[in-house]
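Chains, contacts and geometry: an overview
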Amino acid sequence: MDKENVIVNKSMDFAVRIVNLYKYLKSEKAEYVMSKQLLRCGTSIGANVRDSLRAQSKADFNTKMHIAMKEASETEYWLELLESTEYITKAQAESMLKECVEIIKILISITKTVRKNI
């Protein structure tokens, strides 16, 4: 794996944080529904980014990146909801949301660039 691929690295690091938050929510807060949704979409970002590396075409690559962007947007929603319902603190949410928004911005940039080159 290319160690310089920023979105691959950021999405993997973010997925690790999501898994750890999921474990915390289950064990410390006994929250199972929203945390499971967060786990699914938060880890799906990196899975789709990784899948895009083996895309069959530029269009396929762009589709995978676009799916990753949608998953990141859903992740942002669940993080905001978990903060609003006081399952996570404002500080926890801000840290995760900052990283999530950064990933979304990178994915938007990638999809715009690829779309121009298709």
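Just so it is clear, the structure is predicted and the values come from calculations on it, not from any experiment.

Glancing now at the overall build of the chain. Within the chain, the regular secondary structure consists of four helices and zero strands. Listing every helix and strand of the chain by position from the N terminus yields α-α-α-α. Expected size for 118 residues packed as a compact globule is a radius of gyration near 13 Å; at 15 Å, the chain falls within 12% of this value. When the backbone C-alpha atoms are referred to their principal axes, the chain occupies close to 45 × 25 × 20 Å. Contacts in the chain between residues at least 24 apart in sequence constitute 73% of all its contacts with a sequence separation of at least 6. About 7000 Å² of surface is accessible on the chain, with carbon and sulfur atoms providing 52% of the total. On the chain, the mean spot of the 19 positive side-chain charges and the mean spot of the 16 negative ones are 5 Å from each other.

A few words on the packing of aromatic side chains. For the structure shown, the criterion picks out one aromatic pair. Summarising the aromatic geometry, the rings of Y77 and W78 are spaced 5.1 Å apart at their centres and angled 75 degrees between planes, so their arrangement reads as edge-to-face.

Taken as a whole and judged by the stated rule, the model has five salt bridges. A salt bridge links E102 to K10; its shortest N-O distance comes to 2.8 Å. Linking E102 in helix α4 (residues 90-117) with K10 in helix α1 (residues 6-29), this pair joins segments that are 92 residues apart in sequence. Connected through salt bridges with shared partners, the residues D51, D60 and K64 form a single ionic network.

What follows is about the environment of H66. Mapped onto the fold, H66 is located in helix α3 (residues 58-84). Along the backbone, H66 and Q92 are 26 residues apart, and their C-alpha atoms lie at a distance of 27 Å.

The rules behind the values
Residues numbered from 1 in each chain as written. Predicted model: local features only at pLDDT ≥ 70, side-chain atom pairs only at ≥ 80, totals over all residues. Heavy atoms only, no water. Helix = DSSP H or I, 4+ residues; strand = E, 2+ residues; numbered from the N terminus. Rg over C-alpha atoms; globule rule 2.2 N^0.38 Å. Contact = heavy atoms within 4.5 Å. Areas by Shrake-Rupley, 256 points an atom, 1.4 Å probe, with all protein chains shown as cover. Lys, Arg positive; Asp, Glu negative; His and termini not counted. Charge placed at Lys NZ, Arg CZ, Asp CG, Glu CD. Phe/Tyr/Trp six-rings, centres within 6.5 Å; stacked < 30°, edge-to-face > 60°. Salt bridge = Lys/Arg side-chain N within 4 Å of Asp/Glu carboxyl O.

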